[in-house]
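# Architecture and fold: a report
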Amino acid sequence: MSANPTRSAAFALLSAVLERRRGLEEALDALPGGLQPRDKAAAHRIAAAVLRRLGSIDAVLEPYLRREPSPPALQALRIGVAELLLLGTPPHAAVATAVALAPRPFAGLVNAVLRKVSTGGAAALEGLDAARLDTPPWLWSAWHAAYGPKVRAIAEAHTRPAPLDLSLVPGAEVPEGAEVLPNGTARLPPGTRITEIPGFAEGGFWAQDAAASLPARLLAVRPGEKVADLCAAPGGKTAQLIAAGAEVTAVEKEERRAVRLRENLARLKMSAEVAVADAIPWSAERRGSFGAVLLDAPCTATGTIRRHPEVPHLRRPRDVPKLAATQAALIEAAAGLVAPGGRLVVATCSLQPEEGEAHLSRLAALGLRPDPVRAEEVPGLEQAITPEGALRTRPDFWGERGGMDGFFVARFIRG
Ligand SMILES: C[S@@+](CC[C@H](N)C(=O)[O-])C[C@H]1O[C@@H](n2cnc3c(N)ncnc32)[C@H](O)[C@@H]1O
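Residues numbered from 1 in each chain as written. Predicted model: local features only at pLDDT ≥ 70, side-chain atom pairs only at ≥ 80, totals over all residues.

By the naming in an unreviewed UniProt entry, the chain is RsmB/NOP family class I SAM-dependent RNA methyltransferase, taken from Muricoccus vinaceus. Regarding the chain, the relevant UniProt record gives this comment under Sequence similarities (unreviewed entry): "Belongs to the class I-like SAM-binding methyltransferase superfamily. RsmB/NOP family." (UniProt positions renumbered as here; feature names shortened; annotations may be inferred.)

Now the structure itself:
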C-alpha cells in the first residue's frame, strides 16, 4: 500500500517538530503545495493529537518495543497509536496507513506492534496518568511552584483540543452554532475550520482565543484615540483596537509576520499604520507620544499549549529567563512611549511567573502606577484578578466551556 497523503503530511509535520525542532505553523507552511486544504487540516489534527499526548502514546508503545526504533518508524507508530486510540480511525485503516509510512525494514515491526495496540492499547491508555505523562517534568515543577495542586487541572486542559474562538467585527452576525461567552467571544467546537464558516471571506470575524481578547479590551480605547500596538502580528489585538474605534499604529519586527497582519486586516476591511520595526528603538524615538500603548510581548507561549501542542516539545527551561529579559527591555521601551496620564497594558501568553507577575515591580520602578483590573471589566473571570490587580488566566478556567489560554495582563497609568 502506498502512503496516504494526509498521513504522509502528518508524518512530515511530526518529523519537522520532533526531529528538526520546527514550529507547527512553519511545518504546515512547508507542506507540499498540492495538498488539499481538507487533507492539510486532517494532517494537522493527527500531528496535533500526537504532540498533545506524546508522553501517553510513548507509554502505550513502550511494553511492545525492546529498544527505541529509528525516528521514522517511531513517528509512524505514534501516528498509528493516535489514530487507533484517540481519533477513532477504524483499526484496519489505522494500522495499514501507519505501516505504509514506516521505512521498509520496519514495516513488519510497525504492523505487529499496532495490531497489539489495537487490542490492548485502550485499556493501557485508560490506566495512565495522562496529565503527568503529557507534561514535560520541568513545566510540571514550574507550574506546581506557581499554582500548587492546580497544576493537574492545567495539564489536563492541555490533553484536550481547544475550541475555535472568534472575535466578531461590531455588528457582524454570530456564526450559527456558536456559544457566546461572557467576554463576547463566539465559540465553536474543536476542529471547526474558520475558512468554512459563512462570513469568513466577507471579514465578519477573526480567530482569537477568549483570553487573548482581554488585553486590548482592558486598554479601553476611545473612538479616534491614537494607540500604539507593539509586537502586533498577526494582528488579533490590532483588529480589536480598530474595531473599538482607535487609530492604530501596529509595530512588528518580522517582515513576514507583518505581511500576515496586513492580509488579516485587509480581509476584515480594517486599516492601521503598520511599522515594520523593532519596537525598542522605534519607541525610543517617540517618547511620550501615545496616550494608550499595548505591548503583547514575545514569550514562551506556554499559555497556548491547547492551541499549539508543539510548545512543550520545543521549549527548554533556559528559554524562560531569555524571553523574560527580552520582555523587560520591551516593557521599558513601551513605558517610555506612554504620554503623561496615558495607559499601558502589558500582556504575555505564558504561564511562567517570570514572564508575568515578576515584571510588576519593574513597571512600578519605571514611574508607572498600577491601574487594577475591576471585576466588572472581566465578567465571569473575577477569579483571574490577582491580589495586585493584574489578570492571570489559566487553561482550566471556563473548563466546562472548553477552557482558555493562559495569559498575564497588567494595566498601568503614567503618573
Ligand atoms: C505574542 S506575538 C503578538 C501577537 C499579536 N499581538 C496578536 O494579538 O495577534 C509577538 C510578536 O512580537 C513580534 N516581536 C518580537 N520582538 C519584537 C520587537 N522587538 N519589536 C517588534 N515586534 C517584535 C514577533 O515577531 C511576534 O509577531
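## Observations concerning the overall build of the chain
Across its full length, the chain holds 17 helices and twelve strands. Relative to the globule expectation of 22 Å for 415 residues, the C-alpha radius of gyration of the chain, 22 Å, shows essentially globular dimensions. With the principal axes as the frame, the chain shows a C-alpha extent of 70 × 45 × 40 Å. Looking at the chain residue by residue over its 415 residues, the buried ones come to 47%. Relative to all contacts within the chain whose residues are 6 or more apart in sequence, the contacts with residues 24 or more apart total 70%. (Helix = DSSP H or I, 4+ residues; strand = E, 2+ residues; numbered from the N terminus. Rg over C-alpha atoms; globule rule 2.2 N^0.38 Å. Buried ≥ 20, exposed ≤ 12 C-beta atoms within 10 Å, placed from the backbone. Contact = placed C-beta atoms within 7 Å.)

## Details of the sheet that holds strand E2 (residues 179-180)
Strands sit in the order E2-E3-E1-E4 across an open sheet of four strands; the sheet is antiparallel. Either end of the sheet is taken by a strand with one partner, and the two such strands are E2 and strand E4 (205-207). Pairing of strand E1 (residues 164-168) with E4, which is carried by three bridges, proceeds in the antiparallel orientation. Looking across to E4, one finds that Leu166 is bridged to Ala207. (Pairing = 2+ DSSP bridges.)

## Details of the domain arrangement of the chain
According to the domain assignment, the chain contains domain 1 (5-128) and domain 2 (206-414). Centre-to-centre, using C-alpha coordinates, domain 1 lies 36 Å away from domain 2. Tallying the contact residues gives nine residues for domain 1 and five residues for domain 2. Looking at the side of domain 1 that touches domain 2, the elements with two or more residues in it are helix H1 (5-18) and helix H3 (37-52). No other element matches the three residues that H3 contributes to the side of domain 1 that touches domain 2. Counted by class, the side of domain 1 that touches domain 2 contains six nonpolar, one polar and two charged residues. (Domains from an automatic or database assignment. Nonpolar A, V, L, I, M, F, W, Y, C, P; charged D, E, K, R; others polar.)

## Description of helix H12 (residues 236-243)
Burial of H12 is extensive: seven of the eight residues sit out of reach of the surface. Taken as a whole, H12 has its buried residues at Gly236, Lys237, Thr238, Ala239, Gln240, Leu241 and Ile242. Backbone geometry just after H12 places Gly245 at a positive phi near 100 degrees.

## A few points about the pairing of strand E9 (residues 338-348)
Counted residue by residue, E9 has eight buried out of eleven residues, so it is predominantly covered. Direction of pairing for strand E8 (residues 290-296) relative to E9: parallel, over a ladder of six bridges. Along E9, the bridge assignment pairs Leu294 with Val345.

## Describing the pairing of strand E7 (residues 273-276)
Where strand E6 (residues 247-252) and E7 come together, four bridges link them in parallel fashion. Bridge pairing in E7 places Val251 opposite Ala275. In this view, the connection linking E6 to its parallel neighbour E7 by way of helix H13 (residues 255-267) has right-handed handedness. (Right-handed = clockwise from strand over helix to strand, strands pointing away.)

## Describing the site of the ligand
Surveying the vicinity of the ligand reveals 18 residues, the closest of which are Cys231, Gly236, Lys253, Ala279 and Asp296. The set of elements that each furnish at least two residues to the shell around the ligand consists of H12, E6 and helix H14 (279-284). Taken together, the residues that form the shell around the ligand break down as nine nonpolar, two polar and seven charged. (Near = placed C-beta within 6 Å.)

## Notes on the packing of helix H4 (residues 54-61) against helix H7 (residues 107-126)
Interhelical geometry of H4 versus H7 gives an angle of 120 degrees and a closest axis separation of 9 Å. Classified by the angle between their axes, H4 and H7 sit oblique to one another. When the axes of H4 and H7 are compared, the crossing they make is right-handed. Residues Ser56, Val60 and Leu61 of H4 lie in contact with H7, whose contacting residues are Val113, Val117, Gly121, Ala124 and Leu125. In terms of residue class, the contact of H4 with H7 is made up of six nonpolar, two polar and no charged. (Axes fitted to C-alpha atoms, helices over the stretch in contact; angles between N-to-C directions. Parallel < 35°, antiparallel > 145°, perpendicular 65-115°, else oblique. Left-handed = near helix turned anticlockwise from the far one by under 90°.)

## Some thoughts on unusual backbone geometry
Here the residue pair Ala233 and Pro234 is connected by a cis peptide bond, since its omega of 10 degrees sits within 30 degrees of zero. One can find Pro234 in the loop between strand E5 (226-230) and H12. For Arg21, which is not glycine, the phi torsion reads 55 degrees and is therefore positive. The residue Arg21 is located in the loop between H1 and helix H2 (24-29) in this model. We classify Arg21 as exposed; it has 11 C-beta atoms within 10 Å. The phi torsion at Trp398 lies on the positive side, around 55 degrees, for a residue other than glycine. By the secondary structure assignment, Trp398 is in the loop between strand E11 (391-392) and strand E12 (408-414). Classification of Trp398 by C-beta neighbours within 10 Å gives buried; the count is 22.

## Focus: the UniProt feature "domain: SAM-dependent MTase RsmB/NOP-type" (unreviewed entry) in the chain
Here, UniProt's "domain: SAM-dependent MTase RsmB/NOP-type" (unreviewed entry) annotation points to residues 139-415. Across residues 139-415, helical content stands at 29% and strand content at 21%; the span's end C-alpha atoms are separated by 37 Å.

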